[in-house]
Structure formats: structure tokens, C-alpha cells
Amino acid sequence: MSMVTDGVAAGTHPNNPTSGRRQVVWTFFASAVVALSACYASFSRRPGPITCLPASYALCAQEQRIYTVDLPRPLVDCILVNKHTIAATGTLPQIQTFWNDYQNELIRTFYGNEPSAKKPLPVINVPPGSVVVPGLTDAHAHILQYGFKMQLRLDQASTLSELLDLLENYTRSHPSNPDTWVEAMGWDQTRWADTNGTFPTSADLASRPSLASLPIALHRIDVHALWLSPRALVLTKEHLNGTLPDSVPGGEIIRDSTTGEPTGIFVDAAMSLVPIPKWSTSQMREYADRTMKDALAVGLTSIHDAATSLAEFELFQRMDEENALPIRIYAMADSDRISPDEKQAIDIHDPSPAAHVRMRSVKLFTDGALGSWGAALLAPYSDNAKTRGLMRLPEDALEKLVRDWWDMGWGINVHAIGDRANKAVLDAFEKIANASGNKGQLAERRPRIEHAQIMRVEDLKRPGELGGLSFLREDDVRRLTYDVHWCNSAHKRPADTCVSASSRDFADCAQADSALRTSDMWYAETRLGPERINGAYAYQTLLKLSQNGILPLGSDFPVEGINPLLGFYAAVARLDAEGRSPHGEGGWFPSERLTRAQALKGMTLDAAYASFAEDTLGSLVPGKRADFVILDRNIMDESRPFSEILETRVRATVVDGKVAFGGI
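The structure contained in this document is the topic of the report that follows. (Residues numbered from 1 in each chain as written. Predicted model: local features only at pLDDT ≥ 70, side-chain atom pairs only at ≥ 80, totals over all residues. Heavy atoms only, no water.)

**Here's the deal with the overall build of the protein chain**
We count it as follows: Helix and strand labels come from DSSP, where a helix needs a run of H or I of at least four residues and a strand needs a run of E of at least two; each type is numbered from the N terminus. The buried label goes to any residue with under 20% of its type's maximum accessible area, the exposed label to any with over 50%, and the partly exposed label to all in between, with areas taken from a 1.4 Å probe on protein chains only. In this analysis, two residues are considered to be in contact whenever any of their non-hydrogen atoms come within 4.5 Å of each other. Only the protein chains shown count as cover for residues, with accessible areas throughout obtained via the Shrake-Rupley method and a probe of 1.4 Å.
A tally of regular secondary structure across the protein chain gives 22 helices and 27 strands. Looking at the protein chain as a whole, 57% of its 664 residues are labelled buried. If you take every contact in the protein chain between residues at least 6 apart in sequence, the share linking residues at least 24 apart comes to 74%. A total accessible area of about 25500 Å² is found for the protein chain, and carbon and sulfur atoms account for 50% of it.

As C-alpha cells, then:
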């Protein structure tokens, strides 16, 4: 009997080996047993959490508290892990019977029916009250940028004065050459209690003598605006031969309405004019290491890196070669940081769905962000009638860029936040579908709209009609500005992988890059007005319109926090961390809440689908990788208060069957 259950093989063995080969295998087996016995002895005697696991074991939880995200068998008592793979699921007696049968066949095939070769099955019980869920995936994040942000937490400032204090303290504790740039990320003018919510200025930085002469560049929390000090403005002008352009396609240099002088804020494409030094290789490694550590601590086993430069991709590959990359990275090549020559030379890298480094899609950008008035709208902003936001690419240029990458065989993932930007992306993909005459061909690439926060009501159904994947970010409900990623499948998905399987020829994934950002929730309606808000953050609507019920979720960290349970809470509660919303304690547009099962699926199986890995990752079923998380309480119990989700802690994160964080 090979390691097979429910028709899925977890491993195979050659038939009829020679006696000499048996001896070699037996010698190897005996050596392995010595090492594994030492590991098993260590965890069996240890009073504290188990951190060293044997190659094969049964993991069990009381009261069927292993949530598999497998429709035919959503709850089980135990899973059987063999090396890096789930071999079986069920009750403990079922698991033990399966193991016994497997061992009997193994010793009969390889060891001449030698009884002493039969291995016992260690059984590990998770602590009482704990639950097991599949490894969590963040389907839209920025790996290096998170590590960078954590060096100086501008997002911790609740006033402009506090932020300036943070900067002064940082520069005092990190003395450097006066011409060394100070770069940080995380400010959000909408959260400052001592201002009126408008953009800060270079004069604000100059108000502190210790900062006045330093070149300072501070990225807004959404990374769509850059705040410069007077010295940084001078260096930028020098870099541009002494003058700043009057206009920037796809961006804006904010100027004083009276004097016409730049205020120090550069938005979207204008940020590229600022000569901030590139990060060194050692800095990049430091930032990546910090992200890996923090990601494992909150249960993340996979991350979709949404805009990866070639240098960053090479870093990930080196880390993988050094066995220093504990989580799986699905990288999206950053089109903004790829030269024309690199574009022609770059190749898709996708060795297997289980690989720790993959890149088979490209990230494109259409507009800015809502918080910086850069999201491209069809009508003026309700709180700023002078602007409709920014299209970083006009519609015809976007169509050409999408077609260029499409013809090269890449998956296309497009940043679009405003209703104009989302309409433009949908139009571009519709033209590809119409040109081919085969919507299924479009579906095979699983194109994604990253964010899809604000859509016309009539556009909400279009991803489904195109066979597309809307991708929401749970941090957008935290921010409540939602990211819809949409991707497609050219074939009908099996019913066990979807909330509701479609009978159509192609399927879409309403991929909720569920950036539930409660920070956006408080000003979104002010920005958009009472009518446009009806087409924003519509999670449940997009899920229902999705042809096969797929809605991947992501946080967009470091724009939001890295903990996926914050997004889970936001998606199911539509409240901020204090239990509030603009509509009261009942939640912001509560009809758009996801159920806990839908939210978990969005962070596991649906996210795997969005990266072409649903047959290998995303659920605890036989044949898939043994990536799972042990939580200290049951977040899936619909009867429990939402607030308990925020109190949940990760006991252990397991990747490929091995403890990567914590202990069991």
C-alpha cells in the first residue's frame, strides 16, 4: 500500500528491489531511525511545547477542531503527516489503521517482512482549546518594505508632533553624515489629532532645528506619497538640473496655492524624481529576515509579494538556496522597476507549486490611493472637487502594456483602486477576451485586479462575466478600502475547492485582497459620497457574483499590520479594533461581512488558487503540503464575540511538516 488515501498519492515506492538494494535502504533507514529517535525522545520527555517533530506523526485536536477547508470533510480529529505531506485525515483510529496498513506494505516490500522495521506512529495532541487551520497566506503584501518600515514606526504617531518627536529621537540615536538621507514609512495625515487632515509640508519638518538641515524622505502609509524636507527638496532640484517640472504624467508635485512653490509632497509617479539612494544588499537582507521572522510568528506560511524588483527576486532565490527562506513566496514582477531590456530578458520562474520562490505574474499600476486623493475616479472627489485622482497610465497605454505582457505569457495583476481605474482594467481584459474569442483562454491566466476598492455598481458583476478573479485585501476593511483580485480558471473547479461551484465553462475568483483597513473606513464615505460608497468594499457581493466562489484575501502589509488575524477580524466583523464603525457597533455595511468559513478559505485555499497552487497548498487534505497553524482559541466559532479574534495567539506555525515558529 502506498501512502494514498481518497485517491491522492502522498508517496510511491519502487517494486521488486534487489536484495542488495534492500540492504542499502535498510542501512539508511537504520541511520534515520537513530536521528529520529533522538528527536522523538526529546519531544516525548519535554515538559514544554514540542519544537522538534519526527518525519511522520499524527496531529490531533479535541472535538474535531482541525479545520481542513475541505468541503467534503471540513472538520477532522487528526491529520497524518508523512515527511512534508498530509497523508491522511480522519479520526485517530482511522489514522492508525491507515498507518498500520502502510507500514505493513512497507516492510513487506522493502524489509523482507522484518517486524522490527515497523515504525510506531507518534501521536501529538494540541493543547486543550486550540484549533488547527491550514497555513495562512497573505495574497497581497510587500516583503522588504515591511522590514524597512519596522526600523522607524511612523505609523505609531497619532499627531504630527509625535511624529516629529519620533524622527528627532531616531536621528539622535543614529548619527550620520549630514548628507545621509533619512528614509522612513508610515505617516497618515488622516490620523493626526493636531491637524485638519491635509498633507503635511516641508516646513513642518523644518520646524524642528535638528531636522531642518537633513535630507528626509518619508513615505506615506500607502506608499503613494512622499514627504520631503527642505534639504531633500534642494537635492531633488539639483538632481533635476535645478528645476522641478510643472507637471508629471501619472503623478503630482503638490504646490502652494498662493506661491506656487512645492510644499514637499510628491504623489505617485512624481516620487520617482526624488534621488533617494537605493537599498544596499545587506539592507535588503536585513529587511527580508525581519519579515520572515514576524510572518511566521503570526501564522503566515505563504506570501504573495506584490511588486518584486529583479534585485529582490534574486535575494529571495539566494535565501532559498541557503535554506534561509522558511515561507513560500509567490512574486509578482514589478513592471515599474523593469527596464525595456530586462523586460525582454526576464523569464517566468515556476519550478513547482510547492517551491519557496516562484514568479509567473507581473504587477502593473493604474492609479494611486484613496488616502492621498490619488485613486482615479470617474467624478471629482466629494471632499476635494478639484481632483479626480491620478491615472498613472492613460487607458490606451494601459491596454498596450497589458497586451505586451500577455503576449509574453505572463499572468497580469493590476493595481486599481478608483472606479475609473477598475473600469479601465476590466475594459483591457475584456478586449483580450473578445480578441481571442475564448473567455476560457483569459481564465487560464487568472488575471487579478489588486485592490478593486471602488467600483461602479454595474462593474461589480463584470469580473464574474469575464471569468475573472476579484481580489480583496482584508486590510481594506481594516482600512476598509478593498482590494479585489480576480483570476480565472478555464475549467470548472471541483466542487470541493469552492464555496459554490459554477456550472459555467470558466470560473472567476473574487479574490479579496481584503485589506480591511479600518483607517480608510472612517474617511471613505467622505472621499466618495453616499452613492459611490455603495460600490466599495463589497466583499459578500463580489463573492456571490464570483462564478466559483473564490475570494483571496491579503493585507497589503506594511500598509497594514502583518497579522492576518487582524484582516480575518475585519472581514467578518467590519469593525475597527475597538469594536467601532461609522455605522455603529453593528459594523460598517454589515451585509457585506464574510462568514468565518469564507474568510478562512480566502486566506488559504482561495489564495492558493490565485497563485496556481490549489492542488498543493491551501487545505489540509491528503497529498497536499503539511503547512498548518495552531491557534490558542477557536476563531471559527460563529457564536463567540468578534473581539476574541483579536486576542488569539499563534502557538505554532508548521511548514512542510516541521515547526517553523513556536511549539505544539
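**Details of unusual backbone geometry**
For the peptide bond that leads from phenylalanine 557 to proline 558, omega is 15°, which places it in the cis range. Of note, proline 558 is situated in the loop between β24 (553-554) and α19 (564-573). The phi angle at tryptophan 373 is positive, at roughly 55°, despite the residue not being glycine. Within the element layout of this structure, tryptophan 373 appears in the loop between β18 (357-365) and α11 (395-407).

**Here we look at the sheet that holds strand β8 (residues 123-125)**
Threshold: Strands are labelled as partners when DSSP assigns at least two bridges between them. In this description, a line fitted to the C-alpha atoms serves as the axis of each element, helices being fitted only across the stretch in contact, and the angle between N-to-C directions of two axes falls anywhere from 0 to 180 degrees.
Pairing in this open sheet of 4 strands is mixed, and the strands run β7-β6-β3-β8 from one edge to the other. Where the open sheet ends on each side, the last strands, each with one partner, are β7 (85-90) and β8. Pairs of neighbouring strands in the sheet enclose a mean axial angle of 25°, with direction left out of account. Pairing geometry for strand β6 (residues 78-82) and β7, over 5 bridges, is antiparallel. Bridge pairing in β7 places leucine 80 opposite alanine 88. Against the sheet, helix α2 (residues 92-110) engages β3 (56-60), β6, β7 and β8, with an angle of about 25° to β6.

**Describing the pattern of salt bridges**
Quick reminder of the rule: Take a side-chain nitrogen of Lys or Arg and a carboxyl oxygen of Asp or Glu: if they are within 4 Å of each other, that pair is a salt bridge.
By the definition in use, this model includes 40 salt bridges. The salt bridge involving lysine 149 is made with aspartate 155; its shortest N-O contact spans 3.2 Å. Residues joined by salt bridges that share partners form a network here, namely Lys423, Asp427, Glu430, Arg456, Glu458, Asp459 and Arg462.

**Brief notes about the side chain of serine 56**
Our working definition: A 3.5 Å cut-off defines polar contacts: any pair of N or O atoms within that distance qualifies, except that in protein one atom must be a possible hydrogen donor and the other a possible acceptor, and neighbouring residues in sequence count only when both atoms are side-chain atoms.
Here serine 56 shows up in strand β3. We classify serine 56 as buried; its relative accessible area is 6%. A polar contact of 2.6 Å, which involves the side chain of serine 56, links it to the side chain of asparagine 82. Residue contacts for serine 56: discarding those within four places in its chain leaves Val81, Asn82, Lys83, Trp99, Leu121 and Pro122.

**Here we look at the packing of aromatic side chains**
In plain terms, the rule: Aromatic pairing here means that ring centres of Phe, Tyr or Trp (its six-membered ring) are within 6.5 Å. Orientation follows from the plane angle: under 30 degrees is stacked, over 60 is edge-to-face, and everything else is tilted. By definition, being over a ring means that NZ of Lys or CZ of Arg is both within 6 Å of the ring centre and within 35 degrees of the ring normal.
On inspection of all chains with the given rule, the structure shows 14 aromatic pairs. Relative to tyrosine 287, the ring of tryptophan 279 has its centre 5.0 Å away and its plane inclined at 75°; by these criteria the two rings are edge-to-face. The exposure class of tryptophan 279 is partly exposed, given its relative accessible area of 22%. Judged by its relative accessible area of 4%, tyrosine 287 falls in the buried class. With 5.6 Å between their ring centres and 85° between their planes, tryptophan 405 and tryptophan 410 make a pair best called edge-to-face. Here the two residues tryptophan 405 and tryptophan 410 agree in accessibility, since each one is buried. Through a chain of ring-to-ring contacts, the aromatic side chains of Trp187, Trp192, Phe199, Trp227 and Trp373 assemble into a single cluster. We note arginine 446 situated over the ring of tyrosine 609; from NZ or CZ to the ring centre the distance is 3.8 Å. For arginine 574, the ring lying beneath its charged end belongs to tyrosine 539, and the centroid distance is 5.5 Å.

**Quick word on the packing of helix α8 (residues 281-297) against helix α9 (residues 310-321)**
For any two helices packed against each other, one specifies the crossing angle of their axes together with the interaxial distance. Condition: Should the near helix be turned anticlockwise from the far one by less than a right angle, the crossing is left-handed, and should it be turned clockwise, the crossing is right-handed. Note on residue classes: Ala, Val, Leu, Ile, Met, Phe, Trp, Tyr, Cys and Pro are nonpolar, Asp, Glu, Lys and Arg are charged, and everything else, Gly too, is polar.
Running from amino to carboxyl end, α8 crosses α9 at an angle of 65°, the nearest separation of the two axes being 11 Å. Regarding α8 and α9, the two cross each other, and that crossing is right-handed. Every residue of α9 that contacts α8 at Thr281, Met284, Arg285, Ala288, Asp289 and Met292 is listed here: Ala311, Glu312, Leu315, Arg318 and Met319. Grouping the amino acids of the contact of α8 with α9 by side-chain chemistry returns 6 nonpolar, 1 polar and 4 charged.

**Things to note about the packing of α11 against helix α12 (residues 419-436)**
Operational definition: With respect to orientation, any angle under 35 degrees is reported as roughly parallel, any angle over 145 as roughly antiparallel, any angle of 65 to 115 as roughly perpendicular, and every other angle as oblique.
Interaxial distance between α11 and α12 falls to 10 Å at its minimum, and their mutual angle equals 50°. Taken together, α11 and α12 sit at an angle that is classed as oblique. As for how α11 packs across α12, the hand of that crossing is right-handed. Contacts between α11 and α12 involve Glu395, Leu398, Glu399, Val402, Arg403 and Trp406 from the former and Arg420, Ala424, Val425, Ala428, Phe429, Lys431, Ile432 and Ala435 from the latter.

**Describing the state of the cysteines**
Rules: Throughout, a disulfide means two cysteine sulfur atoms within 2.5 Å of one another.
Under the definition given, this model contains 1 disulfide. In this model cysteine 60 forms its disulfide with cysteine 78; the gap between the sulfur atoms is 2.1 Å. Measuring handedness by torsion sign, the sulfur bridge of cysteine 60 and cysteine 78 sits at about 110° and is right-handed. Highlighted residues: cysteine 60 in strand β3 and cysteine 78 in strand β6, separated in sequence by 18 residues. On the accessibility criterion, cysteine 60 (5% relative accessible area) is buried. Taking the relative accessible area as the measure of exposure, cysteine 78 reaches 2% and is therefore buried.

**Re the environment of proline 120**
Structurally, proline 120 is set in the loop between α2 and β8. For the pair proline 120 and glutamine 103, spaced 17 residues apart in the sequence, the C-alpha separation amounts to 8.9 Å.

**Some remarks on α12**
Applied cut-off: One fewer than the residue count of a helix, multiplied by 1.5 Å, yields its expected span.
The end-to-end C-alpha distance of α12 is 26 Å, a good match for the 26 Å that 18 residues give at a rise of 1.5 Å each. For α12, every residue scored as buried is listed here: Asp419, Ala421, Asn422, Ala424, Val425, Leu426, Ala428, Phe429, Ile432 and Ala433. Positive backbone phi, at 70°, marks glycine 437, one or two positions downstream of α12.

**So, the environment of threonine 85**
Take threonine 85: it is sitting in strand β7. Relative accessible area serves as the criterion here: at 6%, threonine 85 is assigned to the buried category. Sequence spacing of threonine 85 and threonine 616 is 531 residues, and the spatial spacing of their C-alpha atoms is 9.4 Å.

**Some points on the sheet that holds strand β11 (residues 182-187)**
Spatially, 5 strands are ordered β11-β12-β13-β15-β14 in an open sheet, and the strand pairing comes out mixed. This sheet does not close on itself; its edge strands, each paired only once, are β11 and β14 (251-255). Sheet twist, expressed as the mean angle between neighbouring strand axes with direction ignored, is 25°. The strands that helix α4 (residues 160-173) touches are β11, β12 (216-220) and β13 (225-228); relative to β11, the one it contacts most, it runs at about 150°. Of the strands in this sheet, β12, β13 and β15 (262-268) are in contact with helix α7 (residues 230-239), which crosses β15 at around 70°.

**Quick word on the pairing of strand β27 (residues 658-662)**
Relative to β27, strand β26 (residues 650-655) runs antiparallel, the two sharing 4 bridges. In the sheet register, valine 655 faces β27, and the bridge partner there is lysine 658. Linking two consecutive strands that pair antiparallel, namely β26 and β27, is a turn of 2 residues; a positive phi of about 55° is found at aspartate 656 within it.

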